[in-house]
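Structural overview
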Amino acid sequence: MNAPAKNEDFAVKIPDGVYAETVLAVEHYTDRLFRFRMTRPAGFRFRSGEFAMIGLMVGDKPVYRAYSVASPAWDEELEFFSIKVPDGPLTSHLQKIKPGDTVLMRKKPTGTLVLDALTPGKRLYMFSTGTGIAPFASLIRDPETYEKFDEVILTHTCREVAELKYGFDLVEEIRNHEFLAEIVGDKLKHYPTVTREEFSHKGRITDLMTSGKLFADLGVPPLDPATDRGMICGSTDMLKDTKALLEKAGLTEGANNKPAEFVIERAFVG
Ligand code: A2P
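How each quantity is defined
Residues numbered from 1 in each chain as written. Predicted model: local features only at pLDDT ≥ 70, side-chain atom pairs only at ≥ 80, totals over all residues. Helix = DSSP H or I, 4+ residues; strand = E, 2+ residues; numbered from the N terminus. Expected span 1.5 Å × (residues − 1). Buried ≥ 20, exposed ≤ 12 C-beta atoms within 10 Å, placed from the backbone. Arc of directions from axis to C-beta. Contact = placed C-beta atoms within 7 Å. Near = placed C-beta within 6 Å. Nonpolar A, V, L, I, M, F, W, Y, C, P; charged D, E, K, R; others polar. Core = buried A, V, L, I, M, F, W, Y, C linked by C-beta atoms within 7 Å. Domains from an automatic or database assignment. UniProt positions renumbered as here; feature names shortened; annotations may be inferred. Pairing = 2+ DSSP bridges. Axes fitted to C-alpha atoms, helices over the stretch in contact; angles between N-to-C directions.

1. Some remarks on helix H8 (residues 236-248)
Taking 1.5 Å of rise per residue, the 13 residues of H8 would be expected to cover 18 Å, and the 18 Å separating its terminal C-alpha atoms lies within 8% of that figure. Along H8, the residues classified as buried are Met238, Thr242 and Leu246. Along H8, the residues classed as buried sweep out an arc of 60° about the axis, all on the same side. What points out from H8, more than 90 degrees from its buried face, is the exposed set Thr236, Asp237, Ala244 and Lys248. Its buried side turned inward, H8 meets strand S7 (123-129), helix H6 (205-210), strand S10 (228-234) and strand S11 (262-266).

This is the structure:
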């Protein structure tokens, strides 16, 4: 007769040197998008806007992908906003997580979409498409953003209206938040646009900048390196096209060790 199985025979093996955190909540928006919240390890420090490597055990191997932390640095939980790729090595599994499940996270966060990488300015533009809104979900909930800028403009472009919901919920949450509401006041402007359905603001953000409609709608002057700063997060093509427009307006790209007028980062894709 075999010896009775011990508990550890069934335990998921956690790789050394990574955090194993518990999923607290999951919300599905569309068949392509969802967000989840999980516990935050006591020792995990990050700057709002940075990303971490998030993973799951798939069979006996960990699979990781880069994820911007969508929650702000002060939050005691961690939030992430994700796409679902049917055959994605990680997201095909991650989209099935439920509260109580374990998610892995590597210990060191990093990234360029941080306030430290920008020189002081008056107005901060955050340009995002799809899940590229995630690092800005963190930054627009961080009081430091409003200490450094008088005006914060979050643009979010998606193919369909339903994909904008995460951004709408976020802004609503800030407006009703016990301490953020007062800090943010009317400094935050949300500019959602849609490219493949009817909506109040239609078109790619790049086209809306080129035509001047974005600035007219917001009632602000065109981009000016003396006052305006930018952060861009989206697909490779979106980064390239948006960056070209900022450079044309005279803004230069910065980095952690060399702050300047704008910074870019590719949104998580697979
Ligand atoms: P479009 O519908 O015209 O392609 P995706 O889901 O493919 O990442 O796209 C997210 C959003 O980003 C879509 O609304 C898409 O518009 C837009 N987009 C794609 N490429 C660019 C680009 N080069 N510049 C600006 N916006 C873009």
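What follows continues from the structure just given.
2. Comments concerning the site of the ligand
Inspection of the region around the ligand gives 14 residues, with Thr129, Thr195, Arg204, Asp237 and Met238 positioned closest. Looking at the shell around the ligand element by element, the count peaks at three residues for H8. Of the residues in the shell around the ligand, the class split is three nonpolar, six polar and five charged.

3. Side note on helix H4 (residues 165-175)
Residues of H4 that are buried: Tyr166, Gly167 and Leu170. Projected onto a plane normal to the axis of H4, the buried residues spread over an arc of 100° and lie on a single side. Where H4 is buried, its residues touch strand S2 (33-39), strand S5 (77-83), helix H2 (134-139), strand S8 (151-158) and strand S9 (188-194).

4. What about the nonpolar core?
Counting residues in each nonpolar core, the largest one holds 57 residues, and the members touching the most others are Phe80, Met126, Phe136 and Ala137. Domain assignment of the residues forming this core places at least three in each of domain 1 (16-106) and domain 2 (115-266). Residue contacts for Phe80: discarding those within four places in its chain leaves Arg35, Phe36, Ile54, Tyr67, Val69, Ala70 and Ala134.

5. Focus: the UniProt feature "domain: FAD-binding FR-type" (unreviewed entry) in the chain
As recorded in UniProt, the sites labelled "domain: FAD-binding FR-type" (unreviewed entry) are residues 16-116. End C-alpha to end C-alpha, residues 16-116 measures 31 Å, and it is 4% helix and 46% strand.

6. A word on the sheet that holds S8
Here we have five strands laid out as an open sheet, ordered S9-S8-S7-S10-S11, and parallel in their pairing. At either end of the open sheet lies a strand with only one pairing partner, and these are S9 and S11. Strand-to-strand twist of the sheet, defined as the mean angle between neighbouring strand axes without regard to direction, takes the value 10°. Strand direction decides the pairing type here: S8 and S9, joined by seven bridges, are parallel. Of the residues in S9, the one forming a bridge with Val152 is Leu188.

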